[in-house]
Amino acid sequence: MFELDIEMLKEQGLQLVDSAKKTAQDLADKGKNKLDLLNQQARLSKAQRQLGALVYSLHKAGEENPALVEKYIDAVAEVEKAIEEIKANMTDDERAEVEAQEAAENTESEAAPEEAAPAEDEEIEEEPIQLRGETKTCPVCKAEVDGDALFCNHCGAQL
């Protein structure tokens, strides 16, 4: 009346296990790619902030240090290259999803007129200055620098 085909059940079970394993691996890879991308984007944001802070502090002090500025620019370019490599290793679907998120973020920032750059005759509202608090000492020139700086803004040594 009812026959059990053990071999057929075993084969179907193995197929289900293989399918589940592949799906889990795909999800893990996708999650790792997104995490790697987020980490690199955070590094990029930090490197860009540091470059801006360096340029500002040099300008404020009336100094020039093109070699140090170039080091920071190279650091930014290195992180941008890592981001492009991560995107190149993503699937088309992942890449499309990331690009859609980036486009949405860009649209949101462009749609906020209050955050636009002020016209020349407008006064810039001062935001309260918040000290980072964390500093470290350059091992070369012993100058005090921000705790998250990549290079010393006095001598240019890599920290």
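The structure under discussion appears in the preceding block.
Residues numbered from 1 in each chain as written. Predicted model: local features only at pLDDT ≥ 70, side-chain atom pairs only at ≥ 80, totals over all residues. Heavy atoms only, no water.

### Quick word on helix α1 (residues 6-61)
Point 1. Across its 56 residues, α1 extends 82 Å between first and last C-alpha, which sits within 8% of the 82 Å expected from 1.5 Å per residue.
Point 2. Every buried residue of α1 is accounted for by Asn-33, Leu-37, Gln-40, Leu-44, Ala-47, Gln-50, Leu-51, Leu-54 and Leu-58.
Point 3. Phi turns positive one or two residues past the end of α1, at Gly-62, with a value near 70°. (Helix = DSSP H or I, 4+ residues; strand = E, 2+ residues; numbered from the N terminus. Expected span 1.5 Å × (residues − 1). Buried < 20%, exposed > 50% of the residue type's maximum accessible area, 1.4 Å probe, protein only.)

### Overview of the pattern of salt bridges
Point 1. Going through the model one piece at a time under the given rule, you end up with six salt bridges.
Point 2. Between Lys-34 and Glu-97 there is a salt bridge, with the nearest N and O atoms lying 2.3 Å from each other. Taken together, the residues Lys-34 in helix α1 and Glu-97 in helix α3 (residues 92-111) connect sequence positions 63 residues apart.
Point 3. We classify Glu-97 as partly exposed; its relative accessible area is 28%. (Salt bridge = Lys/Arg side-chain N within 4 Å of Asp/Glu carboxyl O.)

### Side note on the packing of aromatic side chains
Point 1. Here the structure, examined in full by the defined rule, presents one aromatic pair.
Point 2. Plain terms: the ring middles of Tyr-72 and Phe-151 are 5.2 Å apart, the flat faces sit at 65° to each other, and that makes the pair edge-to-face. Taken together, the residues Tyr-72 in helix α2 (residues 66-88) and Phe-151 in the segment after β2 (144-146) connect sequence positions 79 residues apart. (Phe/Tyr/Trp six-rings, centres within 6.5 Å; stacked < 30°, edge-to-face > 60°.)

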